[in-house]
Amino acid sequence: MQTSTLEFPHSTRTTYTAIKHLFELKRTKFSSIKYNDDLFIIEARHGAWVSPFSEKIKIKVAATSSTSCHVVVESSSRSILNLLNFGANKGNVSDLSDYINNEVYKLTQPGEIKITKPTITFR
């Protein structure tokens, strides 16, 4: 199993909602995404359904204080019989961690995202 831990200066609910929107709105390589809104856990699968080299990703958001939290990204093989753990991919965990880090900051910092107002002209 491969793991990575990310720290965020935001509340648990804010960070979880940003990560959930990331998976809902952006196109990712993961399928069969399951959300547990009570425990702040997201589980997803990467790879072919019956392949012994497929990967299971689990993202857990946990509070460290009232204004900060940490996110644990875990990758493991989906096959129970896979002793060498071919499905777990350190590169995928690193890439996903970087992607989550970048996107959470974009989604939680409204001043960073420029919103333009449409110009309305009357004729």
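Residues numbered from 1 in each chain as written. Predicted model: local features only at pLDDT ≥ 70, side-chain atom pairs only at ≥ 80, totals over all residues. Heavy atoms only, no water.

Participant: When you look at the overall build of the protein in this model, what are you seeing that I'm missing?
Facilitator: Along the protein, the regular secondary structure elements total two helices and five strands. Helices and strands in the protein line up, N terminus first, as β-α-β-β-β-β-α. Per-residue burial over the protein gives 35% buried out of 123 residues. Relative to all contacts within the protein whose residues are 6 or more apart in sequence, the contacts with residues 24 or more apart total 53%. Total accessible area on the protein is roughly 8200 Å²; 55% of this is exposed by carbon and sulfur atoms. (Helix = DSSP H or I, 4+ residues; strand = E, 2+ residues; numbered from the N terminus. Buried < 20%, exposed > 50% of the residue type's maximum accessible area, 1.4 Å probe, protein only. Contact = heavy atoms within 4.5 Å. Areas by Shrake-Rupley, 256 points an atom, 1.4 Å probe, with all protein chains shown as cover.)

Participant: Just checking my understanding: could you explain the sheet that holds strand β2 (residues 31–36) for this structure?
Facilitator: Hydrogen bonds between backbone groups are what pair the strands of a sheet, and the pairing can be parallel or antiparallel. If you trace the five strands from one edge of the open sheet to the other, you get β1-β5-β4-β3-β2, paired in antiparallel fashion. Here the strands that pair on one side only, and so sit at the sheet edges, are β1 (2–8) and β2. With direction set aside, neighbouring strand axes in the sheet form an average angle of 15°. (Pairing = 2+ DSSP bridges. Axes fitted to C-alpha atoms, helices over the stretch in contact; angles between N-to-C directions.)

Participant: What is the right way to look at the packing of aromatic side chains in this model?
Facilitator: Geometrically, a pair of aromatic rings is defined through the distance of the ring centres and the angle of the planes. Scanning the entire structure with this criterion turns up one aromatic pair. The ring centre of Tyr-35 lies 5.2 Å from the NZ or CZ of Lys-20, which sits over that ring. (Phe/Tyr/Trp six-rings, centres within 6.5 Å; stacked < 30°, edge-to-face > 60°. Lys NZ or Arg CZ within 6 Å of the ring centre and 35° of its normal.)

Participant: What is the right way to look at the nonpolar core in this model?
Facilitator: Soluble globular proteins: nonpolar side chains tend toward being buried together. Ile-19, Phe-23, Ile-59, Val-71, Val-73, Leu-96 and Ile-100 are the most contacted members of the largest nonpolar core, which totals 21 residues. The set of elements that each furnish at least two residues to this core consists of β1, α1 (12–25), β3 (41–46), β4 (55–63), β5 (69–77) and α2 (90–108). Take this core: its biggest share by element is five residues, from α1. Not counting residues up to four positions away in its chain, the partners in contact with Ile-19 are Ile-42, Ile-59, Val-61, Val-71, Ile-100 and Val-104. (Core = buried A, V, L, I, M, F, W, Y, C linked by side-chain atoms within 4.5 Å.)

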